[in-house]
Amino acid sequence: MHVGILYSRIRRDEKLLLNELRDRGHEVEKIDVRTERFGLESTTAAVDDLDIVVDRCLSTSRSLYATRFLDSYGVPVVNSPETGDVCADKAKNSLALAEADVPTPATEVAFTKEAALEAIEEFGYPCVLKPVTGSWGRLMAKIDSRNAAEAILEHKETLGHYEHKVFYVQEFVDKPGRDVRVLAVDGEPVAAMTRSSDHWLTNAAKGGETESFDLDERATELVERASDAVGGGMLGVDLMEVGVDADADPADGGAEDYTVHEVNHTVEFKALDSATDVDVPARIVDWLEAKAAELTDERAEEASA
Ligand SMILES: Nc1ncnc2c1ncn2[C@@H]1O[C@H](COP(=O)(O)OP(=O)(O)OP(=O)(O)O)[C@@H](O)[C@H]1O
């Protein structure tokens, strides 16, 4: 197959993917979004003969626009701009999960600091305030008191960008010092790991420790439903375990249930590749091959209809 990779920087994840594609003899077109232009009918990027394009843009805005333009030219792109749109925004993400009855932390959005303070007081302390866009745990706040809430809200209102004028307030989930990251392709789990830390932000980028995790039936079901809720694709589904006995060793598992706090649409997988026995790039390319074949069949059917 002929695969396009939308990117602005080749990280270790992209290298792993490129190596796997080339090892299998696939032709790869690297599309650097920093140098290409996207018009209403066509682009300077060489996309005409591509069977599938994989969005690996680091920047959310580039990812959302570039996939939208490619999609409008009829170029098959994963993930779809619709999935990207839901995943890139924490409020839309939470709504999609709730609409699909996937357990997700209680959340409220408010548009002024006064309304946000009311939400915070109602949740009680601690609770969490997140920017609606962004990742790697940046600018996330665990709020322990009214004084802290007032200070943070004032800072956000005075100094924040447009996105920080949307106050996303969430219940604090008392997780067992770790969360679970699952890489899934169209709802099917590829690999899963826990990210542990003494800090409440347990994701790997903040220095958390990673370890392979065996998904039980409930977690597997929730990953599938969370993926469907945002429109499918290659996704990072983040879950927290709930109802784990505080004295228990988290390594023993034993969660009563899970809550899905987020689904990510441009997912890093190098940590999962190292933490688990799964050959993650190989599984991703398996999926891309199947996806490209499916999309080619669909287009052939449409053309003959
Ligand atoms: N409501 C919550 N209660 C307790 N811990 C939370 C809550 N929400 C998030 N966390 C913790 O904070 C970490 C970062 O949260 P989240 O995934 O929402 O942020 P992010 O910036 O989108 O990170 P990334 O996209 O890299 O996963 C999670 O890994 C989890 O450990």
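Residues numbered from 1 in each chain as written. Predicted model: local features only at pLDDT ≥ 70, side-chain atom pairs only at ≥ 80, totals over all residues. Heavy atoms only, no water.

### Some points on the sheet that holds strand S13 (residues 257–264)
Here five strands make up an open sheet; going across it, the order is S11-S10-S9-S12-S13 and the pairing antiparallel. Each end of this open sheet is capped by a strand with a single partner; those strands are strand S11 (209–212) and S13. Each neighbouring strand pair of the sheet contributes to a mean axis angle of 30 degrees, computed without reference to strand direction. Where helix H7 (residues 217–229) meets the sheet, it contacts strand S9 (178–185), strand S10 (188–196), strand S12 (234–242) and S13, and its direction lies at approximately 35 degrees from that of S13. (Pairing = 2+ DSSP bridges. Helix = DSSP H or I, 4+ residues; strand = E, 2+ residues; numbered from the N terminus. Axes fitted to C-alpha atoms, helices over the stretch in contact; angles between N-to-C directions. Contact = heavy atoms within 4.5 Å.)

### Regarding the nonpolar core
The tendency in soluble globular proteins is for nonpolar side chains to be buried as a group. Formed by 27 residues in total, the largest nonpolar core has its most connected members in Ile5, Leu17, Leu183, Val280 and Ile284. At the level of secondary structure, the elements contributing two or more residues to this core comprise strand S1 (2–7), helix H1 (12–23), strand S3 (52–55), S9, S10 and helix H9 (280–304). The dominant element in this core, judged by the number of residues it contributes, is H9, at seven residues. The residues contacting Ile5, other than those within four sequence positions of it, are Leu17, Leu18, Leu21, Val28, Glu29, Lys30, Ile31, Val54 and Arg56. Membership of the second largest hydrophobic core comes to 23 residues, among which are Val86, Ala184, Ala219 and Val223. (Core = buried A, V, L, I, M, F, W, Y, C linked by side-chain atoms within 4.5 Å. Buried < 20%, exposed > 50% of the residue type's maximum accessible area, 1.4 Å probe, protein only.)

### Quick notes on the layout of surface pockets
Empty pockets left among the atoms are what a rolling probe the size of a water molecule brings to light. Quantified by volume, the second largest pocket comes out at close to 310 Å³. The set of elements that each furnish at least two residues to the lining of the second largest pocket consists of strand S4 (77–78), helix H3 (81–87) and H9. Ranked by the residues each element gives to the lining of the second largest pocket, the list is headed by H9, at five residues. Of the residues contributing to the lining of the second largest pocket, the split by class is six nonpolar, seven polar and seven charged. (1 Å grid on protein atoms, 1.4 Å probe; cavity = no way out; pocket = protein on both sides within 12 Å on 5 of 7 lines; lining within 4 Å. Points joined across faces, edges and corners; volume = space filled by probe spheres on them. Nonpolar A, V, L, I, M, F, W, Y, C, P; charged D, E, K, R; others polar.)

### So, a negative patch on the surface
On the surface, a cluster of negative charge is made up of Asp297, Glu298, Glu301 and Glu302. Here Asp297 shows up in helix H9. (Patch = residues over 30% accessible without salt bridge, like charges linked within 9 Å, V, L, I, M, F, W, Y side chains within 5 Å. Areas by Shrake-Rupley, 256 points an atom, 1.4 Å probe, with all protein chains shown as cover. Salt bridge = Lys/Arg side-chain N within 4 Å of Asp/Glu carboxyl O. Lys, Arg positive; Asp, Glu negative; His and termini not counted. Charge placed at Lys NZ, Arg CZ, Asp CG, Glu CD.)

### Remarks on the packing of helix H5 (residues 113–123) against helix H6 (residues 146–159)
Axis angle and axis distance: for two packed helices, these are the angle between their axes and the distance between the axes, and together they describe the pair. Interhelical geometry of H5 versus H6 gives an angle of 150 degrees and a closest axis separation of 10 Å. By the criterion of interaxial angle, the relationship of H5 to H6 is roughly antiparallel. Here H5 runs over H6; the crossing is right-handed. Contact residues: H5 offers Lys113, Ala116, Leu117, Ile120 and Glu121, while H6 offers Arg146, Ala149, Glu150, Leu153, Glu154 and Glu157. Residues of the contact of H5 with H6, tallied by class, amount to five nonpolar, no polar and six charged. (Parallel < 35°, antiparallel > 145°, perpendicular 65-115°, else oblique. Left-handed = near helix turned anticlockwise from the far one by under 90°.)

### What about the packing of H1 against H9?
In contact at an axis separation of 9 Å, H1 and H9 are set at 60 degrees when each is read in the N-to-C sense. As summarised for this structure, H1 and H9 are arranged oblique, according to the angle between their axes. As H1 packs across H9, the resulting crossing turns out to be right-handed. Contact with H1, carried on its side by Leu16, Leu17, Glu20 and Leu21, involves Pro281, Ala282, Ile284 and Val285 of H9 and no other residues of that element. Within the contact of H1 with H9, the residues separate by chemical class into seven nonpolar, no polar and one charged.

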